[in-house]
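# Topology and contacts: notes
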Amino acid sequence: MAPSIDRLLYSSMVPVLVWLLCLCLGAEAVDRSNFKTCDQSSFCNCVFFVCVCVCVCVCVCRRQRELNPGQSPYRALLDTLELSDSRITLQLINDNNKVRLLLELYRLHGNMTRVKINELKPLRPRYEVPDVLIADPPTEPMAVVSQDENGVVLSLGADEQRLIVSARPFRLDIVEGPQVLLSLNSRGLLAFEQLRLRKDTISHKITSTVGSMWDSIKSVFSSKHAHNTEEAGSPENTEKADNKAGQEVKEEDDKPGMWEETFKSHSDSKPSGPTSISLDFSFPGVEHVYGIPEHADTFKLKNTDGGDPYRLYNLDVFQYELHNPMALYGAVPVLVSHNAQRTMGIFWLNAAETWVDISSNTAGQNLEFVQGSSDHPQTDVRWISESGIIDVFVMLGPRPNDVFTQYASLTGTQAFPPLSALGYHQCRWNYNDQEDVKAVDQGFDDHDIPYDFIWLDIEHANGKRYFTWDPQNFPQPKEMLQGLMDKKRKMVTIVDPHIRVDSGYKIHNEICSKNLYVKNKDGADFEGWCWPGNSGYPDFTNPEMRAWWASKFSYDQYEGSMENLYTWNDMNEPSVFNGPEVTMHKDALHGSWEHRDLHNIYGFYVQMATAEGLVQRSGGMERPFVLTRAFFAGSQRYGAVWTGDNAAEWGHLKVSIPMCLSLGLVGISFCGADVGGFFKHPGSELLVRWYQAGAYQPFFRGHAHMDTPRREPWLFGPDNTALIREAIRQRYTLLPYWYQQFYNSHRTGQPVMRALWVEYPEDQATFAIEDEYLIGKDLLVHPVTDEGAKGITAYLPGKGEVWYDVNTLQKHKGAQNLYIPVTMSSIPVFQRGGSIISRKDRMRRSSTCMENDPYTLYVALSPQGTAEGELYVDDFHTFSYDKEKQFIYRRLHFSDNTLISSNLAPDSKFTTAAWIEKVVILGAPHPASVSMMTADGKESAVEFEFDSAMSVLTLRKPGVNAGADWTILLQ
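Procedures and definitions
Residues numbered from 1 in each chain as written. Predicted model: local features only at pLDDT ≥ 70, side-chain atom pairs only at ≥ 80, totals over all residues. Heavy atoms only, no water. Helix = DSSP H or I, 4+ residues; strand = E, 2+ residues; numbered from the N terminus. Buried < 20%, exposed > 50% of the residue type's maximum accessible area, 1.4 Å probe, protein only. Pairing = 2+ DSSP bridges. pLDDT = per-residue confidence, 0-100. Contact = heavy atoms within 4.5 Å. Axes fitted to C-alpha atoms, helices over the stretch in contact; angles between N-to-C directions. Expected span 1.5 Å × (residues − 1). Disulfide = S-S within 2.5 Å. Core = buried A, V, L, I, M, F, W, Y, C linked by side-chain atoms within 4.5 Å.

## Description of unusual backbone geometry
Here the bond from Gly 397 into Pro 398 is cis, since omega is 15°, no more than 30 degrees from zero. Along the chain, Pro 398 turns up in the loop between strand E23 (390–395) and helix H6 (400–411). One non-glycine residue with positive phi stands out, namely Lys 98, at about 65°. Structurally, Lys 98 is set in the loop between strand E4 (88–94) and strand E5 (100–108). Of note, Phe 876 is a non-glycine position whose phi angle comes to about 75°, a positive value. Within the secondary structure layout, Phe 876 lies in the loop between strand E48 (867–873) and helix H18 (880–883). Given a relative accessible area of 7%, Phe 876 falls into the buried group.

Structure (structure tokens):
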């Protein structure tokens, strides 16, 4: 969220905050000068020229991105190869400086390969990301198929898969039969800056910029004056490594930004010197790659040749721009490649600042294993990270769902939310007081609009002291929460990870006493400015800190909280208003690790600790709901994500679709955008269209900046209120289907909101579509996202399939572009022929009120007269479905004019009062009679109606329990 004048003017920091306010409130969009480009990031592509005379300028800063494709200096030392049951290791040597690396290769269960590269003898340990993997991935044996002086061929098991290690230059190729699936270092861009000691010279004691310029000028005139640094390791360790290698280590020249870096007024010390890493991957035959969220850009990733790479660095970005590769709030270093033959994934497990370059090439140019394929496309991807090691998982698919399963086996699946979290959420920065909350809540009832959660932003707390309540505006929080509970509704309050430095604040004092704040480079507690003013930042990378934080959510610690109060973690990139790029200094310390090593995982840990706190407060019984802005790989295990501080503009509505599709590809299914746009004031048309789109995205929340006019759904006139009401009601009728999809996602890792090519991987017409999508595999949604639209064109995939318009029930053939006229009430949604979807058509004030309401089954027949679906029911909020097998899971199947409900979980134990109220069969024949048979053998007639014009058969009140076995026969 953006700063506000009347909230931030603390006397001790007026000058900086006035600058901050001018920056944020005076801008139409993000001020890009506050955030680095690749050229301003020394390890990426530091463009820094020194002019030594009028006509002579010398580039003195050429690091990772300045390395051009060519022959790699790295060579595999095949005589060091060692094979064990779980891995193969061998050493690599850089022939330019004789530094050795250790390569580890693992064949993982489930058709994956892991590649790790680290220094053979690092001066000190390099950061390896913990806690993201749910377990050590199980390995499978590898075998040497052949070996000679040029390389070694390893077996990867089934389907003639081989891993080919070429020795000079070093390169890895994963092949299947004659086909190259993927190559590593085929372009020779492996680079590994080793840890080293800095020489104690006079020129290093002057300022970094002047010193670097002077060194560069000297190097132009006389190479003997060039300034060198030590190689990684102490002199003793270096000598031992050199002796073992039998070669002398060659020293490298210093370059600007290697030991200290300045951006604007901020200096970043680098006590370990340069530590960046890089590796390239080539995908022959591939034109389309996706993933690496978060970016406000197209779903298909663009070529970055000639521009900035995509950046992964969690940042608090004010009103972000569209269609550029700037970093945003979260970072998931997972990229998915796809063509009609195969889907694969790359998981680059590194939490440091990372840049990803993407370029297209012609297959065969750099891949000598490919025969006769020079006309095939190729995509090359290069990863560059500031520190850490190379630890990459290659997920070999081959189908999209295989990649999702593979990734889920590494980082876990989407947390299964309580049903209420899938309803509508009403939020604003900020509802003023308890009376305001009560009035808004009543407004939904007065206008007959369902909702489940009302939210409170930072103003609800006492002076931005989280875990507290403002005593003037929220003096009786339990009374407020009880009023919501009586209506079976809930509340979310914000709890941010910056803590007001205040000796009278219990939370601050306890963190201080336990020494659990992040430290600055000198060892004192790191402090920066955020909403409360001067703030400390808890070290969530420390398990002790996370355990303490979790304990603060217990009802006796978080005074005024109740079981219907849930949590929102904002600003957890972390946001530091007076820090470099509005975040924490990279030389801040988390124990022995620098912030630069783990920046992108900080928000992951905040959400982890918060979710654990909500579980603990219930004795481990209740499922939590936690929304986070910052995230990393594995964040799906802890809750939901939203796309941050968007704007009330049509472009932001459009981009919410590819942003959420990208998140779904990398495991984070619970995604949504602020309905209406956080900044600015939407017109009524945009607001209505955004509600219609939001109703069909996984996380559905209206939210607005405090400086915008109020925009509750009934404030735009009765006609627009009716349109918004209908959109929200459509969401609620489909809650059984949404819940089913989240259950499946939790079990399997499949995305809830998914691109069309996920289900139609061979249909090239789907590969670049980003204005429509599937919910599960059976609902296709094409929101109206253009101002003044009179029609949309939807692509209905699937040759030989049919799709039914859920509003008109009209049937349409697949594999066609269908033009659909639209009015302001239109939300184009189609049900796939061959599917059965459960709905609840009775409207209540909240999802909790609907739990025992009856179901309506929509059976959409395929051209073959068949359909398949599932029905899942549990208590909708506890872990009993998992711990005690308390759930109902049924298969619904239609064929030969017979609809059967059968039990998919015979060992489960659960009952429900919900029953089947109606069955609607689309594309049905006209029966003479309809009968139902229950499990006890009783048969009864079923009342029905048939619409011959639409071929729609409606069965009324079969009256059978939703958890029972039954059969309906059309005769």
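## Structural notes on the pairing of strand E45 (residues 829–832)
The two faces of E45 match: Val 829 and Gln 831 on one face and Phe 830 and Arg 832 on the other face are all buried. Across 3 bridges, the pairing between strand E40 (residues 779–781) and E45 is antiparallel. Each bridged residue has a counterpart across the sheet, and for Leu 779 the counterpart in E45 is Gln 831. Pairing analysis gives 3 bridges linking strand E42 (residues 802–805) to E45, with the strands arranged antiparallel.

## Focus: the pairing of E4
When a strand is regular, its side chains alternate between the sheet's two faces. Among the 7 residues of E4, 7 are classified as buried, and the element is accordingly described as predominantly covered. Burial of E4 is two-sided: the residues Ile 88, Leu 90, Leu 92 and Asn 94 facing one way and the residues Thr 89, Gln 91 and Ile 93 facing the other way are all buried. Here strand E3 (residues 74–83) runs beside E4; their pairing, made up of 6 bridges, is antiparallel. Looking across to E4, one finds that Tyr 74 is bridged to Asn 94. From the end of E3 to the start of E4, which pair antiparallel, there are 4 residues. Sheet topology note: the E4/E5 ladder contains 6 bridges and is antiparallel. Directly across from Ile 93, in E5, lies its bridge partner Arg 100. Here E4 folds back onto E5, and the loop between the two strands holds 5 residues, one of which, Lys 98, carries a positive phi near 65°.

## Examining the confidence of the model for the chain
Close reading of the predicted structure is inappropriate where its pLDDT is low. Scored by pLDDT, the chain comes out at a mean of 90, with 88% of its residues at no less than 70. Counted against residues more than four places away or in other chains, residues 48–61, with its pLDDT under 50, gives 28 contacts.

## Brief notes about the sheet that holds strand E51 (residues 916–922)
Read from one edge of the open sheet, 11 strands run E53-E52-E56-E50-E49-E48-E46-E47-E51-E55-E54, paired in mixed fashion. In this open sheet, the two edge strands, each paired with only one partner strand, are strand E53 (939–941) and strand E54 (943–947). Taking each pair of neighbouring strands and ignoring which way they run, the sheet shows an average axis angle of 20°.

## Structural notes on H6
For H6, built from 12 residues, the straight-helix expectation of 16 Å at 1.5 Å per residue is met to within 8% by its first-to-last C-alpha distance of 17 Å. Every buried residue belonging to H6 is among Pro 400, Val 403, Phe 404, Gln 406, Tyr 407, Ala 408, Leu 410 and Thr 411, and all of these are buried. Directly beyond the C-terminal end of H6, a positive phi value near 95° is found at Gly 412.

## Some words on the sheet that holds strand E29 (residues 533–536)
Here 3 strands make up an open sheet; going across it, the order is E27-E29-E28 and the pairing antiparallel. The sheet terminates laterally at strand E27 (499–500) and strand E28 (527–530), the two strands that pair on one side only. Bridge count for E27 against E29 is 2 bridges, and the pairing is antiparallel. Along E29, the bridge assignment pairs Ile 499 with Gly 536.

## Looking at the state of the cysteines
Counted by the stated rule, this structure contains 2 disulfides. Covalent S-S linkage joins Cys 38 and Cys 44, the inter-sulfur distance amounting to 2.0 Å. Torsion about the S-S bond of the Cys 38 and Cys 44 cystine: about -90°, corresponding to left-handed handedness. The pair Cys 38 / Cys 44 is uniform in exposure class, with both members buried. Here Cys 660 pairs with Cys 671 through a disulfide, and the sulfurs are 2.2 Å apart. Disulfide Cys 660-Cys 671: the torsion about the S-S bond is -75°, which places it as left-handed. Residue Cys 660 is found in helix H13 (residues 650–665), and its partner Cys 671 is found in strand E35 (residues 671–672); the two are separated by 11 residues along the sequence. Across the pair, exposure class does not vary: Cys 660 and Cys 671 are buried alike.

## Regarding the nonpolar core
Note that soluble globular proteins tend to have their nonpolar side chains buried in a common cluster. By size, the foremost hydrophobic cluster in this structure holds 209 residues, and its most contacted members are Phe 347, Met 491, Trp 549, Ile 601, Phe 625 and Ile 921. For Ile 601, the residues in contact, after removing those within four places along its chain, are Tyr 127, Val 129, Pro 130, Val 132, Ala 351 and Phe 632.

## Some points on helix H14 (residues 684–694)
Among the 11 residues that make up H14, 9 are buried, leaving the element largely enclosed by the rest of the structure. Taken as a whole, H14 has its buried residues at Leu 686, Leu 687, Val 688, Arg 689, Trp 690, Tyr 691, Gln 692, Ala 693 and Gly 694. On the buried face of H14, the contacting elements are strand E24 (424–426), H13, strand E36 (674–675), strand E37 (700–702), helix H15 (718–733) and strand E39 (773–775).

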